[in-house]
Every structure is written in structure tokens, then in C-alpha cells.
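Remarks on the overall topology
Given next are the chains, with one letter for each unit.
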Amino acid sequence: MRYHVRTPDGELDYLSFREVELAYMQGLVGPDDEVREEGQTLWRKASTIPVLARAKPPARGWKARSQAMTVVGSVLLAIWALMLIASDSWTRRGLGIVLALTTSALLTRVTYKAFKRPGAPRS
């Protein structure tokens, strides 16, 4: 089934609803744009269609770089932990072990977020 999308810049045609959803996630279709199924007369805002409302457009700004910043922070934390563990003081070694465990938790979070990344194409 074909779909028509009306934007302030003009009208676009898509071959399937999945294409409309991908365009929405890429930012080509905005929440205020209107969508109409071929053969229908009713135009609906994209934000009122449940499947599109759940689909998230790609992050912009600092949110788009949060994974990279977490990895860089984890590497720096791991270097600091290694330096503390290699020291002669037992207090510093203990702090180094705590920092190493914190690094492990951060990298677990990065792995989890990468695994469940939204917007990945479905097979």
C-alpha cells in the first residue's frame, strides 16, 4: 500500500509504511507532517500514528555523542585505576580497584545500549 506524506516543502510518496517509518526516524518526515494512505481521504499528523509516535528520530547534539563520551571517560578511568593499582599504598590500590569496577559498569552500560540501539533496520 502506498502512502503520501505532506510536508511544508511539498508532498512525498512512499511505497510502504515501513519506508514512512524509516523516513520519520531519519528526520525526513516530521511529527507535524501529514500522512495519508492511498485511497483514503483523511490526512493524519505523523505524531498521532502510534507506530510513528514510538519511533524515535536520531539524537542530535550532545545525546548523539553520549556513547563516544562514555567510552572515552571509561578509558581515562581505566588508566587512572591502573596507575592507582600499581602504586605502593594499599589505600590507593583499593581506590584503583573501585575505579576498575566502575569502569566495568560503564562499559557494560555502553555494550547494553549498543545492543538495543533503536533505529537499526529490521530483517
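Figured I'd write up the structure that's included with this text.

**A closer look at the nonpolar core**
Judged by nonpolar contacts, the single largest core of 14 residues is most densely connected at Val20, Val29, Val35 and Leu52. Every element with two or more residues in this core is listed here: β1 (3–7) and α1 (17–26). Not counting chain neighbours up to four residues away, the residues in contact with Val29 comprise Val5, Tyr14, Val20, Ala23, Tyr24 and Ala46.

**Notes on the pairing of β1**
Regular strands place side chains that alternate from one sheet face to the opposite one. Among the 5 residues of β1, 4 are classified as buried, and the element is accordingly described as predominantly covered. Bridge analysis of β1 against strand β2 (residues 10–14) gives 5 bridges, and the strand direction is antiparallel. Residue pairing across strands places Tyr3 opposite Tyr14, the latter belonging to β2. Where β1 folds back onto β2 in an antiparallel hairpin, the turn is made up of 2 residues. Alignment of β1 against strand β3 (residues 34–37), held across 4 bridges, turns out to be antiparallel. Residue pairing for β3: Arg6 is matched across the bridge by Glu34.

**A word on helix α4 (residues 90–115)**
Look at α4: 37 Å from first C-alpha to last across 26 residues, which is about the 38 Å you get at 1.5 Å a residue. Among all positions of α4, only Gly96, Leu99, Thr103 and Val110 are buried. Capping the start of α4, Ser89 holds a side-chain oxygen 3.3 Å from the backbone nitrogen of Thr91, two or three residues further along.

**Examining the packing of helix α3 (residues 66–85) against α4**
Where α3 meets α4, the axes come as close as 8 Å, and the angle between the chain directions of the two elements is 160°. One finds that α3 runs roughly antiparallel with respect to α4. Here α3 runs over α4; the crossing is left-handed.

**Here's the deal with α3**
The end-to-end C-alpha distance of α3 is 28 Å, a good match for the 28 Å that 20 residues give at a rise of 1.5 Å each. All buried positions along α3 are accounted for by Ser66, Gln67, Thr70, Ser74, Leu77, Ala81 and Leu84. Buried residues along α3 cover an arc of 100° about the axis, so they all sit on one side. Set apart from the buried face of α3 by more than 90 degrees, the exposed residues are Met69, Leu76, Leu82 and Met83.

**Considerations on a nonpolar patch on the surface**
Residues Val71, Val72, Val75, Leu76, Ile79, Trp80, Met83 and Leu107 make up a contiguous nonpolar surface patch of about 750 Å² in total accessible area. Among the elements that make up the nonpolar patch, the one with the highest residue count is α3 (7 residues). Within the fold, Val75 resides in helix α3.

**Concerning the sheet that holds β3**
The sheet built from 4 strands is open, its strands ordered β2-β1-β3-β4 with antiparallel pairing. The open sheet terminates on both sides in strands that have one partner only, identified here as β2 and β4 (44–45).

Reading the values: the criteria
- Residues numbered from 1 in each chain as written.
- Predicted model: local features only at pLDDT ≥ 70, side-chain atom pairs only at ≥ 80, totals over all residues.
- Heavy atoms only, no water.
- Core = buried A, V, L, I, M, F, W, Y, C linked by side-chain atoms within 4.5 Å.
- Buried < 20%, exposed > 50% of the residue type's maximum accessible area, 1.4 Å probe, protein only.
- Helix = DSSP H or I, 4+ residues; strand = E, 2+ residues; numbered from the N terminus.
- Contact = heavy atoms within 4.5 Å.
- Pairing = 2+ DSSP bridges.
- Expected span 1.5 Å × (residues − 1).
- Polar contact = N/O pair within 3.5 Å; in protein donor to acceptor, adjacent residues only side chain to side chain.
- Axes fitted to C-alpha atoms, helices over the stretch in contact; angles between N-to-C directions.
- Parallel < 35°, antiparallel > 145°, perpendicular 65-115°, else oblique.
- Left-handed = near helix turned anticlockwise from the far one by under 90°.
- Arc of directions from axis to C-beta.
- Patch = residues over 30% accessible without salt bridge, like charges linked within 9 Å, V, L, I, M, F, W, Y side chains within 5 Å.
- Areas by Shrake-Rupley, 256 points an atom, 1.4 Å probe, with all protein chains shown as cover.
- Salt bridge = Lys/Arg side-chain N within 4 Å of Asp/Glu carboxyl O.

Everything listed here is a matter of coordinates, which is why it stays silent on function.
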